[in-house]
Amino acid sequence: MSPTATPTPTHADSAAYKLGRTYPDVPLEEKQRLFDEIKADERFHDYLYGCYECGICVAACPSARYYDFSPRRIAQAAAREDVELVYQQMQEDIWDCSQCFSCLRCPRGNNPGGIITVMREVAVNNGLESAKQALRGYTRIIYKIMSTGTQVSPDMLQADAFPDWGPSVAKVSQKLDLWRRALPPETHHTTTTGWEISTRTLVELYLIWHKTGALNMISELDPSLHSLLEEVMEDLLDEEGYELD
Amino acid sequence: MTIPVEKVSGPRRKNKAEFEWTPEHIPEDFHERLFELEEKGELVVQRVDTEHIEVPVKYGRSKKVPIGHTWHHKSCGQCGHIPGYSTSIFWVNRKLGIEYEDPRDQTSCTAWNYYASATSNAAAQAAVAVRNFAAAYETGRFPIIHCGTSFGHYKEVRHELLAHDQLREQVRRVMDALGKPLVLPEEMVHYSEWFYAMRHEIAKHQVRDFSNIAVTVHPACHYYKLVEGDAIYDPEVYGGQRTAIVSEVAQALGAEVRDYSTWFDCCGFGFRHILVTRDFTRSFATQRKIKRMKEEADPDVTLTHDTGCVTTLDKSQFAAKAQDPSFATIPVMSEAQFAALAMGAHPYLVCQLHWHAADYRPLLEKMGIDHEKAWAEFEEATARLERGEQQYLTWEDADV
């Protein structure tokens, strides 16, 4: 689905329309449905209070310096309920955000970074193309977090994964087992997780993913990862005598 | 120790030291709602009921930081990629004779799946946080959080749980299924707040002179931008106009804190960016942070207090130097490692500096540390592991 400019107006209040309507293949009703999903999130109303258009958020934003990205436009589109522009932003802008929350400098109390968090979740939940593209190459991270309860494991330090970090990565990788055994805290001797986690803790984590629907969030986005994680979790829960509803 | 407010006011601006919040404009203190829900029996509040130090936060309020009897909520990035970070935190506790717990009943905050990929949701994140708080509560120890993102995220989670009845109910049902209470701690405490609180005690145990060491400080975004009221602001440091975190520890150790213009900028980490759009991270970290620090302050080291910031600022420098040999690098570490070095910690057996990328050896020399001898000691210790004389090094091995 590529953005296509067309002079045909369907939603004349939209800033996206004024700039040239985008994503004409997606019906307005679908864009409205996605926006309603964003707006129904409890956090949304904590994150948006209107916009002075002062641009303080843009001045503070690291992504605005390097990308065609503006937290001000995010807040404005949401405040105006401009479903055309919000949809366009979900496809083109939201994954540029650094989630540093420098935009919380907003004198109006807005949280554009928070609005983006919600927009991203809706994009993931609905399997939007932007989410699939943005998270390509990210599968291993999702797998690590959900299956181990830690994320940045020592064995991720591989020279071919981080060539721009220089020779220190290869050195760590070659000595990994030895250098982990040289760490004084007993919990730190593992190489596949950040620290040693008990089985009971992992069981509780898996139950959380199931009971809050977090595991199902990726079913649209990456069905094979979803199946793999489901299997890993069910195996452990079975072993430990837990039955899922 | 004081850093005058003129440091932030600039040559043509009036300083804002006189600025004070009027009572009606001060945001509500979250404790009111927290204790109200506790009284209604909706949740359990884990109190700071052991020896503690009160530290100043925004709006003239204070926060209780427990000294000991703590439950260390570790950081996946620190333990995984910069293990000298957590090792130094533990070593300083041990050196001061303070007991603590390094639990196995702890998951990470899993906020990578929240801020990076959005493959989680508010209920899951709150349940993960509360499960960890309940695990700490079961031990009777107070949680102290190593990661800036975990700290910031948990502050957000606390707000959401206090504000939204439906979310609270959903998380309560999950916790019921786990057989755990819905617990929130009275205070959210980041490890760097503990270092701030203990800075004078740490300075009493200092064995290395840092009076010739100049530092720059990068305050971590998720520490003080998320739920801003709950971060340390000290009237004695920049007139309370900036967070005093890290800067005040460096000052207490006798180092010179130097200012630079892009102190408010993030490090460039960006979560998904450091993994999948790495050009952004590298460029931002080196051009907006390291280069500016070097040009404006020329520090011997830059100190920060979060996992992602240490990683990003440290590792990104290699590519900048490879592209431009005249690019001047700066060693990067946490203030925990810096404080440990001040107290005489071994640079490799404790601070694990060999996991870092930017050249730290000139800094060690300036600190009076013979890094060649120290490396030989580390190699000798690991040789014992290779020969099978020991399976692991211990805390006793770290104090050579």
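Residues numbered from 1 in each chain as written. Chains lettered and ligands numbered in written order. Predicted model: local features only at pLDDT ≥ 70, side-chain atom pairs only at ≥ 80, totals over all residues.

Across its full length, chain A carries 14 helices and 0 strands. For chain A, the N- to C-terminal ordering of α and β elements is α-α-α-α-α-α-α-α-α-α-α-α-α-α. Here the C-alpha coordinates of chain A stretch approximately 65 × 45 × 35 Å along the principal axes. Of all 245 residues assigned to chain A, the portion counted as buried reaches 47%. (Helix = DSSP H or I, 4+ residues; strand = E, 2+ residues; numbered from the N terminus. Buried ≥ 20, exposed ≤ 12 C-beta atoms within 10 Å, placed from the backbone.)

Next up on the list: the sheet that holds strand E5 (residues 100–101) of chain B. Residues and elements named next belong to chain B. What the 3 strands build is an open sheet, ordered E5-E4-E6; its pairing is parallel. One side of each edge strand has no neighbouring strand; the edge strands of this open sheet are E5 and strand E6 (142–145). Here strand E4 (residues 70–73) pairs with E6 via 4 bridges, running parallel. Residue pairing across strands places histidine 72 opposite isoleucine 144, the latter belonging to E6. (Pairing = 2+ DSSP bridges.)

This brings us to the nonpolar core. Counting residues in each nonpolar core, the largest one holds 189 residues, and the members touching the most others are Ala126, Ala127, Val130, Val171, Ala250, Ala339 and Ala340 of chain B. It is helix H6 (residues 122–139) of chain B that contributes the most residues to this core, 13 residues altogether. Excluding residues that lie within four positions of it along the chain, valine 171 of chain B makes contacts with Ala123, Ala126, Ala127, Val130, Leu161 and Leu182 of chain B. Grouped together as the second largest cluster of nonpolar side chains are 5 residues, Trp195 and Ile197 of chain A together with Cys76 and Cys79 of chain B included. (Core = buried A, V, L, I, M, F, W, Y, C linked by C-beta atoms within 7 Å. Contact = placed C-beta atoms within 7 Å.)

A few words now on the interface of chain B and chain A. A common way to report how large an interface is uses the accessible area buried once the components associate. The interface is formed by 75 residues belonging to chain B together with 63 residues belonging to chain A. Looking at the side of chain B that touches chain A element by element, the count peaks at 6 residues for H6 of chain B. Here the side of chain B that touches chain A is built from residues that sort into 37 nonpolar, 24 polar and 14 charged. (Nonpolar A, V, L, I, M, F, W, Y, C, P; charged D, E, K, R; others polar.)

To continue, consider the environment of aspartate 222 of chain A. All names here are of chain A. The residue aspartate 222 is located in the loop between helix H13 (199–211) and helix H14 (223–239) in this model. By C-beta crowding, aspartate 222 is classed as buried, having 22 other C-beta atoms within 10 Å. Distance in space between the C-alpha atoms of aspartate 222 and tryptophan 95 is 17 Å, their sequence separation being 127 residues.

For glutamate 53 of chain A, which is not glycine, the phi torsion reads 60° and is therefore positive. Structurally, glutamate 53 of chain A is set in the loop between helix H3 (44–47) and helix H4 (56–60). Under the C-beta neighbour-count criterion, glutamate 53 of chain A is labelled exposed, with 9 such atoms within 10 Å. Despite not being glycine, phenylalanine 271 of chain B shows a phi value in the positive range, around 60°. Positionally, phenylalanine 271 of chain B belongs in the loop between strand E9 (256–257) and helix H13 (272–276).

Here the domain parsing of chain A yields domain 1 (15–134) and domain 2 (139–239). For domain 1 of chain A versus domain 2 of chain A, the separation of C-alpha centres amounts to 31 Å. (Domains from an automatic or database assignment.)

Here we take up the environment of lysine 39 of chain A. Relative to the helices and strands, lysine 39 of chain A is located in helix H2 (residues 28–40). Sequence separation of lysine 39 of chain A and tyrosine 242 of chain A is 203 residues, and the distance between their C-alpha atoms is 36 Å.

Helical periodicity: at 3.6 residues per turn, an α-helix aligns residues three or four positions apart in one direction. Here helix H19 (residues 371–386) of chain B contains 16 residues, and its C-alpha end-to-end distance of 22 Å stays within 8% of the 22 Å for a straight helix at 1.5 Å per residue. Positioned one or two residues after H19 of chain B, glycine 388 of chain B has a phi angle of 80°, which is positive. (Expected span 1.5 Å × (residues − 1).)

In this section: the packing of H6 of chain B against helix H7 (residues 148–163) of chain B. All names here are of chain B. One can describe the packing of H6 onto H7 by two numbers: an axis separation of 10 Å at closest approach and a directional angle of 110°. By the criterion of interaxial angle, the relationship of H6 to H7 is roughly perpendicular. Seen from above, H6 lies across H7 with left-handed handedness. Side by side, H6 and H7 meet where Ala122, Gln125, Ala126 and Ala129 of the first sit next to His153, Tyr154, Val157, Glu160 and Leu161 of the second. Broken down by class, the residue content of the contact of H6 with H7 amounts to 6 nonpolar, 2 polar and 1 charged. (Axes fitted to C-alpha atoms, helices over the stretch in contact; angles between N-to-C directions. Parallel < 35°, antiparallel > 145°, perpendicular 65-115°, else oblique. Left-handed = near helix turned anticlockwise from the far one by under 90°.)

Residues and elements named next belong to chain B. One open sheet accounts for 4 strands, arranged E9-E8-E10-E11; its pairing is parallel. Two strands bound the open sheet, and with one partner strand each, they are E9 and strand E11 (332–334). As defined by bridge partners, strand E10 (residues 301–304) adjoins E11 across 3 bridges and the pair is classed as parallel. Note on E11: the bridge partner recorded for leucine 303 is methionine 333. Along the sheet, helix H17 (residues 335–342) makes contact with E10 and E11, crossing E11 at roughly 85°.

Turning next to the pairing of E4 of chain B. All names here are of chain B. What you see with E4 is no split at all: Thr70 and His72 on one side and Trp71 and His73 on the other are buried throughout. In this sheet, E5 lies alongside E4 in parallel orientation, the contact comprising 2 bridges. Across the sheet, threonine 70 pairs through a bridge with tyrosine 100, a residue of E5.

Below, the discussion takes up the domain arrangement of chain B. All names here are of chain B. Split into domains, chain B comes out as domain 1 (29–56 + 67–191) and domain 2 (205–377). Domain 1 and domain 2 are separated by 26 Å when their C-alpha centres are compared. On the domain 2 side, the residues contacting the 32 residues of domain 1 number 31 residues. Among the elements of the structure, strand E2 (52–56), helix H3 (76–81), helix H4 (84–95), helix H5 (112–116) and H7 are those that each provide at least two residues to the side of domain 1 that touches domain 2. Tallying contributions element by element places H4 first for the side of domain 1 that touches domain 2, with 8 residues. Residues belonging to the side of domain 1 that touches domain 2 are distributed by class as follows: 16 nonpolar, 13 polar and 3 charged.

All names here are of chain B. Along E10, one buried face is formed by Val301 and Leu303 and the opposite face, lined by Thr302 and Thr304, is buried too. Pairing geometry for strand E8 (residues 214–218) and E10, over 4 bridges, is parallel. Following the sheet pairing, valine 217 is matched in E10 by leucine 303.

Moving on to the confidence of the model for chain A. When the pLDDT values of chain A are averaged, the result is 91; 92% of them are 70 or greater. The low-confidence segment residues 1–9 of chain A, where pLDDT is below 50, has 14 contacts with residues more than four positions distant or belonging to other chains. (pLDDT = per-residue confidence, 0-100.)

All names here are of chain B. Relative orientation of the contacting elements H4 and H17 amounts to 50°, with a least axis distance of 8 Å. The pairing of H4 with H17 is recorded here as oblique in orientation. Note that H4 runs across H17; the crossing there is left-handed. Contacts between H4 and H17 pair Gly84, Tyr85, Ser88, Ile89, Trp91 and Val92 from the former with Ala336, Gln337, Ala339 and Ala340 from the latter. In terms of residue class, the contact of H4 with H17 is made up of 7 nonpolar, 3 polar and no charged.

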